[in-house]
Amino acid sequence: MVRAGFRMLVESQDDLTVVGEAGDGEEALRRLGAVAADVVLMDVRMPRMDGVDATRRLAAQSAAGQSVPRVIVLTTFDLDEYAFAALKAGASAFLLKDAAPPELLEAVRRVHAGDAVVAPSTTRRLLDHFAATLPDGDGSGGSGSATGAPAAGAAVPDPRLAALTDREAEVLELVGRGLSNGEIATTLVVGEATVKTHVSRLLAKTGSRDRVQLVVLAYETGVVSAG
């Protein structure tokens, strides 16, 4: 019923087409091997293979140079450890299943355009809740090991941050706080094009796939503290 509702919503849009459905992660990966999809709406809790593992496997394929769709994870609960693990594993967005139709459609378009949905309060609350408490060894295989956010101001000898310039570190902190490029430009009194350049360099230097991965990195390394 939920998939049927999403299909009707998506296909009501002239610029969007549903190319397939699946009842679990294994079936999703099989279907994605046969159809060309740009975005996947992925439930995090499914039988046989959950959305976290399916997202992780897609991210591994991407790291190996394969073209894979971006993932929007869906969950019933705003504080869902599975959703946090999926973001760490490489998902580009997190939405509640009861999100308003315009919000879901906007997320699909933004993720397809290469953006990542990090601004909604649900995503910020999720990261605040889990980033400082999720123990290492959760198996997400995302953007490095998480040992919990250290106390504010603590030195973090993380190799992913070693090559960053002072300005790039500033931008990472602001991205981690959920600011848009325009808001970062205003805060730092620079042009938005300059911010985009810094974000692109951050992605390259840290090995992050998109903006969500930068946010998770900022929490993991203590650049941004929970709360």
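Residues numbered from 1 in each chain as written. Predicted model: local features only at pLDDT ≥ 70, side-chain atom pairs only at ≥ 80, totals over all residues. Heavy atoms only, no water.

Of note, Arg48 is a non-glycine position whose phi angle comes to about 65°, a positive value. For Arg48, a relative accessible area of 60% puts it in the exposed group. Residue Val189 is not a glycine yet carries a positive backbone phi of 55°. Note that Val189 resides in the loop between helix H8 (181–188) and helix H9 (192–206). Since its relative accessible area comes to 72%, Val189 is described here as exposed. (Buried < 20%, exposed > 50% of the residue type's maximum accessible area, 1.4 Å probe, protein only. Helix = DSSP H or I, 4+ residues; strand = E, 2+ residues; numbered from the N terminus.)

What follows is about the packing of H9 against helix H10 (residues 211–220). At their nearest, the axes of H9 and H10 sit 10 Å apart, and the two run at 70° to each other. Relative to H10, the element H9 lies roughly perpendicular. With respect to the hand of their crossing, H9 and H10 are arranged in left-handed fashion. Judged by residue contacts, Val199, Leu202, Leu203 and Thr206 of H9 engage Arg211, Leu214 and Leu217 from H10. (Axes fitted to C-alpha atoms, helices over the stretch in contact; angles between N-to-C directions. Parallel < 35°, antiparallel > 145°, perpendicular 65-115°, else oblique. Left-handed = near helix turned anticlockwise from the far one by under 90°. Contact = heavy atoms within 4.5 Å.)

For the structure shown, the criterion picks out 17 salt bridges. Asp24 serves as the salt-bridge partner of Arg48, at 2.9 Å between the closest nitrogen and oxygen. Separated by 24 residues along the polypeptide, Arg48 in the loop between strand E1 (39–43) and helix H3 (51–63) and Asp24 in the loop between helix H1 (2–11) and helix H2 (25–32) bring together distant segments of the chain. Assessed through its relative accessible area of 7%, Asp24 is described here as buried. Asp158 is the partner of Arg160 in a salt bridge, and the nearest nitrogen-oxygen pair spans 2.9 Å. Look at the salt bridges and you will find they share partners, linking Arg3, Arg7, Glu11 and Glu21 into a network. (Salt bridge = Lys/Arg side-chain N within 4 Å of Asp/Glu carboxyl O.)

Note that all results are geometric; they support no functional claim without further evidence.
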